[in-house]
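# Examination of the molecular architecture
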Amino acid sequence: MSVIKPNLKVKIGNLRLKNPVMTASGTFGYGREYEDFVDLQALGAIIVKGISLEPRPGNPPPRIVETSCGMLNAIGLENVGLKRFVEEKMVVLRRYRTSVIVNILGDTIEDYCHLCEQLSDVEGVSAIEVNISCPNVKKGGVAFGTDAKMINQVTGAVRKKTDLPLIIKLSPNVTDITLMARAAEEGGADAVSLINTLLGLAIDVKTRKPKLANVVGGLSGPAIKPVALRMVWQTANAVSVPVIGIGGIGSTRDAIEFLLAGASAIQIGTANFINPAVTGEIVTGIHDYLRDNDIKSVSELVGAVILPEG
Amino acid sequence: MNQFLTRAKILENVEVGPNLFRLTFEAEEIAETAKAGQFVMVKTATEASDDPILRRPFSIHRVDGKRVFILYKVVGRGTKILAKQEKEIDLVGPLGNGFTIPEEGSLAIVGGGLGIAPLLFVAQQAIRQGREEEEILVLIGARTSAEFPVVDDFRKRGLKVRTATDDGSAGHHGLVTELMDMEGEWTVITCGPAPMMRAVAKRCEEKNWECQVSLETTMACGMGACLGCAVQGNAKLEYKHVCIDGPVFKASDVCL
């Protein structure tokens, strides 16, 4: 019997990762928070908490509420800002010898351009993930992430500012996510990542008040996995750039499902809160799955779902 | 950092008062490293269940050798499941910053309701630091005497305890802050319902005593990643995170 060592390496545009497991932005801090639980070097990439040009204080509390098999959050993009990120967080992140992907967010296209430009010169930044799924723009308050034209514009604008691999993170709060993915692809994205959280609401029946100070929040966790998986599958069939799957992944089995649906890599989010060691466990789990099933490379799984004939 | 993710053997999980439980488990690493005021995140869902999804934060009640104790009230789905657990629990800890217990000077421990949970550990640590039992004053308030099952645990350690109840069924008939009639310099460590801690902090401010409070909020991760456990700091648009900046704060640093 030949024992093969499965190949877990993946390629996202020019970005080469040792395996397809990344941490979803906003669920893994700046990496250091998890070093007691995960060998950070074993991860495909660390995607850090979203960074804006200036620090943001975030929303007033309460910011989170538990729901059935999931949670709603309205953190409000609290972050330390670009300067402190580069001077403090990045210094620590460089030590881990793991790809670092910086998630960026802004209010205007110019904000995104500035962030891209400045991060391109920072040692140790492997790629940029553009969060267009949250904020509003100047122009009449149209959300970036739900308008294909805006997605195309912002992608095109940041593309000109950086040679780093560019990942556009998509919102699921749209009628047809494939249109958004195509707009990003046409704008020059190297990959799309999806899904961000689903907009939700919870109300306290005693006080009749929303449970979040922000009223609405983003739903995440196992509750959204089937929706995410469907959107990843649809998108993988609609674009030729790699798709990075996100949404309720908490086990190796979940991760494999996303790969089969067409994701070239995956991000683990809310599960980090429940099991801080989960990312490392899934890296090992994918390795073992490949080995046990005699699959040489993880790329063989991508999009390998077997659909009914006809 | 020194945080552990572990499955701990449950030694005891008993009801010690109305809906009030004390869970004892064996977790050597946590018992050895924990400081008074720190907490653990406990998974209450049964294994392989996604519901309830979030861990629950509990302050450490005290430690003894390899054993760690937590005190909790059954208030919702998570704690209801926890009260039935007998074999093992999945937990992360110790998390957060503990109380700063001064080496000398008078120390008052002021607890209200379930807020006494982390305070027995404070007394234990103060004694371990070499402080005489007589130098520690314990003031405990509750709605009624039935909520006082833990008071004896303080007395057993030779500590001076004064109690107050809202209904007058035990100790002073009134608020615990009315027992704060001490003279001289004091460090006050308090945990309890927000209105009570507000009143304690106000009294300390009047007397120019240092006051440390322990806060509680909903949390997702407990380790500074999700930023969900924000509380208002003392400046506008300044938020503190209970899990990493706290749960213990100087009373003047947060908006109680």
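Residues numbered from 1 in each chain as written. Chains lettered and ligands numbered in written order. Predicted model: local features only at pLDDT ≥ 70, side-chain atom pairs only at ≥ 80, totals over all residues.

Scanning chain A from N- to C-terminus turns up 8 helices and 16 strands. Compactness check: chain A gives a C-alpha radius of gyration of 19 Å against a globular reference of 19 Å for 310 residues, within 12% of the reference. Considering only C-alpha atoms, chain A reaches an extent of 60 × 50 × 45 Å along its principal axes. A burial count over chain A gives 54% of its 310 residues as buried. (Helix = DSSP H or I, 4+ residues; strand = E, 2+ residues; numbered from the N terminus. Rg over C-alpha atoms; globule rule 2.2 N^0.38 Å. Buried ≥ 20, exposed ≤ 12 C-beta atoms within 10 Å, placed from the backbone.)

Right, let's talk about the sheet that holds strand β11 (residues 198–201) of chain A for a bit. Residue and element names in this part refer to chain A. Taken in spatial order, the 4 strands line up as β5-β6-β14-β11 in an open sheet, and their pairing is antiparallel. One side of each edge strand has no neighbouring strand; the edge strands of this open sheet are β5 (64–67) and β11. For this sheet, the mean inter-axis angle between neighbouring strands, taken without regard to orientation, is 40 degrees. Looking at chain direction, β5 and strand β6 (residues 70–73) are connected through 4 bridges and run antiparallel. Bridge assignment links Glu66 to a residue of β6, and that residue is Met71. (Pairing = 2+ DSSP bridges. Axes fitted to C-alpha atoms, helices over the stretch in contact; angles between N-to-C directions.)

What follows covers the interface of chain B and chain A. It is common to give the size of an interface as the accessible area lost on bringing the parts into contact. Counting from both sides, the interface comprises 25 residues of chain B and, opposite them, 28 residues of chain A. Classifying every residue of the side of chain B that touches chain A gives 16 nonpolar, 5 polar and 4 charged. (Contact = placed C-beta atoms within 7 Å. Nonpolar A, V, L, I, M, F, W, Y, C, P; charged D, E, K, R; others polar.)

The periodicity of an α-helix, 3.6 residues per turn, causes residues three or four positions apart to be oriented the same way. Along helix α4 (residues 177–187) of chain A, the positions that sit buried rather than exposed are A:Ile177, A:Met180, A:Ala181, A:Arg182, A:Ala183, A:Ala184 and A:Glu185. A positive phi of about 110 degrees marks A:Gly188, the residue just after α4(A).

With that settled, the discussion passes to the confidence of the model for chain A. Model confidence for chain A is summarised by a mean pLDDT of 94, while 96% of its residues fall at 70 or above. This model gives residues 135–142 of chain A a pLDDT under 50, and the stretch forms 15 contacts once residues within four places in sequence are excluded. (pLDDT = per-residue confidence, 0-100.)

A:Ile128, A:Ile167, A:Val192, A:Val232, A:Ala263, A:Ile266 and B:Val40 are the most contacted members of the largest nonpolar core, which totals 185 residues. When residues of this core are assigned to domains, at least three map to each of domain 1 (4–95) and domain 2 (106–214) of chain B. Look past the residues within four positions of A:Ala263 in its chain and what remains in contact with it is A:Val232, A:Ala236, A:Val243, A:Ile244, A:Gly245, A:Phe258 and A:Val302. (Core = buried A, V, L, I, M, F, W, Y, C linked by C-beta atoms within 7 Å. Domains from an automatic or database assignment.)

A separate point is the environment of A:Lys206. By the secondary structure assignment, A:Lys206 is in the loop between β12 (203–204) and β13 (209–210). Distance from A:Lys206 to A:Glu78, taken between C-alpha atoms, is 30 Å for residues 128 residues apart in sequence.

Here we take up the packing of helix α2 (residues 109–120) of chain A against helix α3 (residues 148–159) of chain A. Residue and element names in this part refer to chain A. Viewed as axis vectors pointing N to C, α2 and α3 meet at an angle of 30 degrees, and their least axial separation amounts to 9 Å. With respect to their mutual orientation, α2 and α3 come out roughly parallel. Considering the relative orientation of α2 and α3, their crossing is right-handed. Here Ile109, Tyr112, Cys113 and Cys116 of α2 come into contact with α3, specifically with Gln153, Val154, Ala157 and Val158. Class assignment for the residues of the contact of α2 with α3 results in 7 nonpolar, 1 polar and no charged. (Parallel < 35°, antiparallel > 145°, perpendicular 65-115°, else oblique. Left-handed = near helix turned anticlockwise from the far one by under 90°.)

All names here are of chain B. Split by domain assignment, chain B resolves into domain 1 (4–95) and domain 2 (106–214). Computed from C-alpha coordinates alone, the two centres of domain 1 and domain 2 are separated by 24 Å. Contacts between domain 1 and domain 2 engage 14 residues on the former and 13 residues on the latter. At the level of secondary structure, the elements contributing two or more residues to the side of domain 1 that touches domain 2 comprise β1 (4–17), β4 (56–64) and β5 (67–73).

Right, let's talk about the pairing of β5(A) for a bit. Looking along a regular strand, one sees side chains alternate from face to face of the sheet. Neither face of β5(A) is exposed, since A:Ile64 and A:Glu66 on one face and A:Val65 and A:Thr67 on the opposite face are all buried. Linking β5(A) back to β6(A) in an antiparallel pair, the connection comprises 2 residues, with A:Cys69 at a positive phi of about 50 degrees.

Okay, the packing of α4(A) against helix α5 (residues 225–236) of chain A next. When two helices pack together, their arrangement is captured by the angle between the axes and the distance separating the axes. Residues and elements named next belong to chain A. At a closest axis distance of 9 Å, the pairing of α4 and α5 adopts a crossing angle of 50 degrees. Here α5 runs oblique to α4, going by the angle between their axes. The element α4 and its partner α5 pack so that their crossing is right-handed. Across from Ile177, Thr178 and Ala181 in α4, the residues of α5 making contact are Met231, Gln234 and Thr235. When the residues that make up the contact of α4 with α5 are grouped by side-chain class, the tally is 3 nonpolar, 3 polar and no charged.

Now for the pairing of strand β9 (residues 160–165) of chain B. All names here are of chain B. When strand β8 (residues 136–142) meets β9, the two strands line up parallel, connected through 6 bridges. Across the sheet, Gly141 pairs through a bridge with Ala164, a residue of β9. Since β8 and β9 lie parallel, the crossover through helix α4 (residues 151–156) that links them has a hand, and here it is right-handed. Here β9 runs beside strand β10 (residues 172–173); their pairing, made up of 2 bridges, is parallel. Note that in β10 the partner of Ala164 across the bridge is His172. (Right-handed = clockwise from strand over helix to strand, strands pointing away.)

Let us now look at the sheet that holds strand β7 (residues 99–104) of chain A. Residue and element names in this part refer to chain A. The strand order around the closed barrel formed by 8 strands is β3-β4-β7-β8-β9-β10-β15-β16, and the pairing between neighbours is parallel. Pairwise comparison of adjacent strand axes, ignoring direction, gives a mean angle of 25 degrees for this sheet. Both β7 and strand β8 (residues 125–131) contribute to a ladder of 5 bridges, which runs parallel. In the strand pairing of β8, Asn103 is matched with Glu129.

The next thing to look at is unusual backbone geometry. Cis peptide bonds are those with omega within 30 degrees of zero, and the linkage from B:Asp51 to B:Pro52 qualifies with -10 degrees. Within the element layout of this structure, B:Pro52 appears in the loop between β3 (39–43) and β4. Look at the link from B:Gly93 to B:Pro94: it is a cis peptide, with omega at -10 degrees. Positionally, B:Pro94 belongs in strand β6 (residues 88–95). If you check the backbone angles, A:Asp294 has positive phi at about 55 degrees while not being a glycine. Within the secondary structure, A:Asp294 is located in the segment after α8 (278–292). Even without glycine at this site, B:Leu227 takes up a positive phi of about 60 degrees.

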